[in-house]
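Read off the chains here:
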There are 2 protein chains.
Amino acid sequence: MTTSQMIVLASRPHGAPTSDNFRLETRELPALSDGELLVRNTVMSVDPYMRGRMNDVKSYVPPFQIDEPLDGGAVGEVVESRAEGFAEGDLVLHGLGWRDMAVVPAKAARKVSTNVGGAQVSPSAYLGALGMPGITAYGGLMRVGEFHSGDAVFVSGAAGAVGSLVGQIAKLEGASRVIGSAGSAQKIARLEELGFDAAFNYKDGDVRGLLKNAAPDGIDVYFDNVGGDHLEAAISSMNTHGRIAMCGAIAQYNSTEPPAAPRNLALVIGKRITIRGFIQSDFRDLVPEFQQKMATWLADGSVQWDETVVEGLENAPQAFMDLLNGANTGKMVVSI
Amino acid sequence: MTTSQMIVLASRPHGAPTSDNFRLETRELPALSDGELLVRNTVMSVDPYMRGRMNDVKSYVPPFQIDEPLDGGAVGEVVESRAEGFAEGDLVLHGLGWRDMAVVPAKAARKVSTNVGGAQVSPSAYLGALGMPGITAYGGLMRVGEFHSGDAVFVSGAAGAVGSLVGQIAKLEGASRVIGSAGSAQKIARLEELGFDAAFNYKDGDVRGLLKNAAPDGIDVYFDNVGGDHLEAAISSMNTHGRIAMCGAIAQYNSTEPPAAPRNLALVIGKRITIRGFIQSDFRDLVPEFQQKMATWLADGSVQWDETVVEGLENAPQAFMDLLNGANTGKMVVSI
């Protein structure tokens, strides 16, 4: 009998999650059926979107259930296979994180390699640059933001998993100027190392003024991870025919009150701004093009990839809470 | 020496305009130069966008200047021509309204006819269904709203010049359901006569609830003339991949405070909503297609066209103030 340690949702957070909302449990796993894999997870993802799934509301992914394990992206090693094409020792990417052992339907698993185009990548790259944050950044910038070479790009949450890729991809694709915002001096320093033309700490003052200073000639694309005052500032600095790709609104995920909305939204009319929301699963058709480019960029060092690694499944809830507070630089993952 | 009576901007309105902001003056006109026409205006337009031009702010059209005449769409008769292709008695559409006599550069004038495809139209139709409100409605719905047959469409300010055309065009182009909002029982009754499937008076309660009742299966396109709580309600009722064409925000044109913005803007992400602003001059390439369709619709009675006509240039400021308060059904024009 195989057992699995897993993090279950003990109660729904009201506002910011606390450790009381989570519980570590050991459960027995059923025997494998045909078409299933037993996987020992080695690394799992914590992502901002998971906060939304902790509320009992209809959204583009169903809510987590009380007393049931959380789930999310994970990479692990196949321990036992009852599916064709998978063997013991294979490295697989799948959706049953937040636990150490998982019974995974083979059709929901993808074999991955730590050798990409001759370069070595860590398994966790598949939770980041080569995975969901990567395609989110690429598709959000190129398709939703309708990025063209020569555009000036602003990205909020720029030191995060998605934001740091948006800025680097924009530079590689020919942006005239890339501006990022983040919440600490250390993160700002890192953005400068990553090649951002300008970066500001949004805690230093009025975001609208900080952005105007950083982008005196305005911006053409805003990749929004934050919402609230960042969105308002971006509308204010946006050039005619500018595009806003709405990816996330981390500023309000823990809000219990309706958030402050952009008071200057009517500027969208005269400036002919497009604001468009998206989720990464909209970009399935872009994945091959994206993976080829990103593998090349990682292999030749054009894209740098930061991780904040927390050790131990039992610390996953704290890692998630820290993520929502911006404690990470780059992708936050939990090593199991 | 020819003189012209004209309405000049006496002072900039703070909030809602008052009669003190306007002054009727008589001025001498210069003699005609080559390429110019002397035009006796018979009808002029008052439009919501003119309120923005009364503020001293940069926008997509320059602001009106203090002590200078206002301008805007007008139709008149050529009294004297020093331009090839124009003769005394020609009916012309041009941009120098708010006055009885105007010296108009011929290249800024367009000859128009009251016979359209065999049907008689009034000269003022060129300020309405066949003119700027018409192309605004058509381009905003079809191009910006990416309307497809079968879509459910909601339009606010639906009894106004643009809104009443949006609803009728949507029905003619195959909308599954057309919902309109307006501000009086009389206007709602008129919307029902015009073929709207549902209409509500936004003064009857919470716009979000009123819209949910009127559109139980949601909406695919929202044509926004109002902003504020209407925009929030539309986001709430919007189906996945819905489009919002932002045309105007009359609810806030007279505001001195930043307007209430949609508190549910983050729903744009999961629903993959597109919000896009536009102005009618974006649609120059659509004008021939639009004029052909609209002439046919007017000639065969498929589109009905309402006007509220105010008599006398001296009453134009009051007509404009009444327009901002929603006193009109259909296009508000001033007969000179």
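Residues numbered from 1 in each chain as written. Chains lettered and ligands numbered in written order. Predicted model: local features only at pLDDT ≥ 70, side-chain atom pairs only at ≥ 80, totals over all residues. Heavy atoms only, no water.

The name an unreviewed UniProt entry gives chain A is NADP-dependent oxidoreductase, with Dermacoccus nishinomiyaensis as the organism.

### What to know about the overall build of chain A
The condition is simple: By the criteria applied, helices consist of DSSP H or I runs no shorter than four residues and strands consist of E runs no shorter than two, each listed in order from the N terminus. Taken over C-alpha atoms, the radius of gyration is set against a globule rule of 2.2 Å times the number of residues to the power 0.38. Exposed residues in this analysis have more than 50% of their type's maximum accessible area, buried residues have under 20%, and partly exposed residues fall in between, with area computed by a 1.4 Å probe over protein chains only. Whether two residues are in contact is decided by their heavy atoms: any pair within 4.5 Å suffices. Under the convention used here, a 1.4 Å probe and the Shrake-Rupley method define accessible areas, while residue burial counts only the protein chains that appear. The positive count covers Lys and Arg only, the negative count covers Asp and Glu only, and His and the chain ends enter neither. To locate a charge, the coordinates of NZ of Lys, CZ of Arg, CG of Asp or CD of Glu are taken.
Along chain A, the regular secondary structure elements total 9 helices and 17 strands. Relative to the compact-globule value of 20 Å for 336 residues, chain A shows a C-alpha radius of gyration of 20 Å, a close match. Along the longest, intermediate and shortest principal axes, the C-alpha atoms of chain A span 65 × 45 × 35 Å. Counting every position in chain A, which comprises 336 residues, the buried fraction comes to 56%. By sequence separation, contacts in chain A at least 24 residues apart represent 68% of the contacts at least 6 residues apart. Counting only carbon and sulfur atoms, one obtains 48% of the accessible surface of chain A, whose full area is about 13,500 Å². Taken as two groups, the 28 positive and 39 negative side-chain charges of chain A have centres that lie 6 Å from each other.

### Digging into the relation of the copies chain B and chain A
To be explicit about the condition: For this overlay, a least-squares fit was computed on C-alpha atoms, restricted to residues scoring pLDDT of at least 70 in both copies.
Superposing chain B onto chain A requires a rotation of 180 degrees together with a translation of 0.0 Å along the rotation axis, leaving an RMSD of 0.0 Å. The relationship between the two copies is best expressed as a two-fold rotation axis. Interface overlap between copies is the fraction of interface residues in one copy that are interface residues in the other; for chain B against chain A it reaches 100%, indicating a shared surface.

### Notes on unusual backbone geometry
Residue and element names in this part refer to chain A. Phi is positive for Trp-98, which is not a glycine, with a value near 65 degrees. When you line up the elements, Trp-98 lands in the loop between β5 (91–94) and β6 (101–105). If you check the backbone angles, His-241 has positive phi at about 65 degrees while not being a glycine. Along the chain, the position of His-241 falls in strand β14 (residues 238–246). A relative accessible area of 44% places His-241 in the partly exposed class.

### Regarding the environment of A:Ala170
Residue and element names in this part refer to chain A. Inspection of the secondary structure assignment puts Ala-170 in helix α3 (residues 161–172). Ala-170 gets classed as buried once you look at its relative accessible area, which sits at 0%. Remark: the alpha-carbon pair of Ala-170 and Ala-137, spanning 33 residues in sequence, is separated by 9.6 Å.

### So, the domain arrangement of chain A
Residue and element names in this part refer to chain A. Let me state the cut-off plainly: Where a domain begins and ends is set by an automatic assignment or by a domain database. Using a 1.4 Å probe, buried area is obtained as the accessible area two parts lose upon being combined, added over both of them.
Each assigned domain of chain A is listed with its residue range as follows: domain 1 (3–128 + 305–335) and domain 2 (133–279). Put simply, the middle of domain 1 and the middle of domain 2, counted by C-alpha atoms, are 28 Å apart. Contacts between the two partners involve 19 residues from domain 1 and, on the opposite side, 14 residues from domain 2. Of the roughly 1,400 Å² buried between domain 1 and domain 2, counting both surfaces, carbon and sulfur atoms make up 58%.

### Considering the pairing of strand β10 (residues 152–155) of chain B
Residues and elements named next belong to chain B. Let me state the cut-off plainly: Two strands qualify as a pair provided DSSP detects at least 2 bridges between them. With the strands aimed away from the viewer, a crossover counts as right-handed if its path from the first strand over the helix to the second runs clockwise.
Burial along β10 is two-sided: Ala-152 and Phe-154 and Val-153 and Val-155, pointing in opposite directions, are all buried. Pairing of β10 with strand β11 (residues 177–182), which is carried by 4 bridges, proceeds in the parallel orientation. Along β11, the bridge assignment pairs Ala-152 with Arg-177. This β-α-β element, β10 to helix α3 (residues 161–172) to β11, shows right-handed connectivity. Sheet topology note: the β10/strand β13 (residues 219–224) ladder contains 3 bridges and is parallel. Note on β13: the bridge partner recorded for Val-153 is Val-221.

### Comments concerning the interface of chain B and chain A
Interface size, as often reported, equals the accessible area lost upon joining of the parts. So the rule is basically this: Here, a salt bridge means any Lys or Arg side-chain nitrogen found within 4 Å of an Asp or Glu carboxyl oxygen.
Counting residues at the interface gives 27 residues for chain B, matched by 27 residues for chain A. Across the chain B to chain A interface the summed buried area is about 2,200 Å²; carbon plus sulfur atoms make up 65%. For chain B, the biggest contributors to the area lost against chain A are B:Leu265, B:Ile269 and B:Arg272; these three give 26% of the whole. Between chain B and chain A we count 4 salt bridges in total. Across the pair B:Glu146 and A:Arg276 runs a salt bridge, and its minimum N-O distance is 3.8 Å. Of all elements in the fold, only α7 (267–271) and β15 (274–277) of chain B reach the threshold of two or more residues within the side of chain B that touches chain A. Per element, the largest residue contribution to the side of chain B that touches chain A is 4 residues, and it comes from β15(B). One ladder, built from 3 bridges, connects strand β15 (residues 274–277) of chain A with β15(B); its direction is antiparallel.

### With respect to the sheet that holds strand β11 (residues 177–182) of chain A
For the record, the criterion: Here an axis means a line fitted to C-alpha atoms, over the contact stretch when the element is a helix, while the angle between two N-to-C directions is reported on a 0 to 180 degree scale.
Pairing within the open sheet is mixed, and its 12 strands lie in the order β12(A)-β11(A)-β10(A)-β13(A)-β14(A)-β15(A)-β15(B)-β14(B)-β13(B)-β10(B)-β11(B)-β12(B). Sheet topology places β12 (198–201) of chain A together with β12 (198–201) of chain B at the edges, where each strand pairs with a single neighbour. With direction set aside, neighbouring strand axes in the sheet form an average angle of 15 degrees. The sheet contacts of helix α5 (residues 207–214) of chain B involve β10, β11, β12 and β13 of chain B, and relative to β12(B) the element is tilted by about 160 degrees.

### Overview of the pattern of salt bridges
One pass over the full model with this rule turns up 36 salt bridges over all chains. The partner of A:Arg190 in a salt bridge is A:Glu193, and the shortest N-O contact between them spans 2.7 Å. Taken together, the residues A:Arg190 and A:Glu193, both in helix α4 (residues 185–193) and 3 residues apart, mark about one turn of the helix. With relative accessibility at 18%, the residue A:Arg190 sits in the buried group. Given a relative accessible area of 54%, A:Glu193 falls into the exposed group. Among the ionic pairs, B:Arg23 bridges to B:Glu25, the shortest N-O distance being 2.8 Å.

### Quick notes on the side chain of A:Asp220
Residues and elements named next belong to chain A. Looking at the element boundaries, Asp-220 is found in strand β13 (residues 219–224). For the buried residue Asp-220, which engages in no salt bridge, the nearest side chain bearing the opposite charge is Arg-243, 5.5 Å off. Aside from chain neighbours lying at most four places away, what touches Asp-220 is Gly-150, Asp-151, Ala-152, Met-238, Asn-239, Gly-242 and Arg-243.

### Quick notes on α3(B)
All names here are of chain B. We apply this condition: By this rule the span expected of a helix is its residue count minus one, scaled by 1.5 Å.
Over its 12 residues, α3 runs 17 Å from end to end, which matches the ideal 16 Å to within 8%, given 1.5 Å per residue. Of all the 12 residues making up α3, 10 are buried; the element is thus mostly covered by neighbouring parts of the structure. All buried positions along α3 are accounted for by Ala-161, Val-162, Gly-163, Ser-164, Leu-165, Val-166, Gly-167, Gln-168, Ile-169 and Ala-170. On its buried face, α3 is in contact with α2 (132–144), β10, β11, β13, α8 (287–299) and β17 (331–335).

### Observations regarding the packing of helix α2 (residues 132–144) of chain A against α3(A)
Residue and element names in this part refer to chain A. Our working rule: To sort the angles, those under 35 degrees are grouped as roughly parallel, those over 145 as roughly antiparallel, those from 65 to 115 as roughly perpendicular, and the leftovers as oblique. Each helix crossing is assigned a hand: it is left-handed if the near helix lies turned anticlockwise from the far helix by less than a right angle, otherwise right-handed if that turn is clockwise. The residue classification treats Ala, Val, Leu, Ile, Met, Phe, Trp, Tyr, Cys and Pro as nonpolar and Asp, Glu, Lys and Arg as charged. All others, Gly included, are polar.
At a minimum axis separation of 8 Å, α2 and α3 run at an interaxial angle of 50 degrees. If you check the angle between α2 and α3, you find them oblique. In this structure, the crossing between α2 and α3 has a hand that is right-handed. When α2 is examined against α3, the residues Pro-133, Gly-134, Thr-136, Ala-137, Tyr-138 and Leu-141 are found in contact with a partner set consisting of Ala-161, Val-162, Leu-165, Val-166, Ile-169 and Ala-170. Here the contact of α2 with α3 is composed, by residue class, of 10 nonpolar, 2 polar and no charged.

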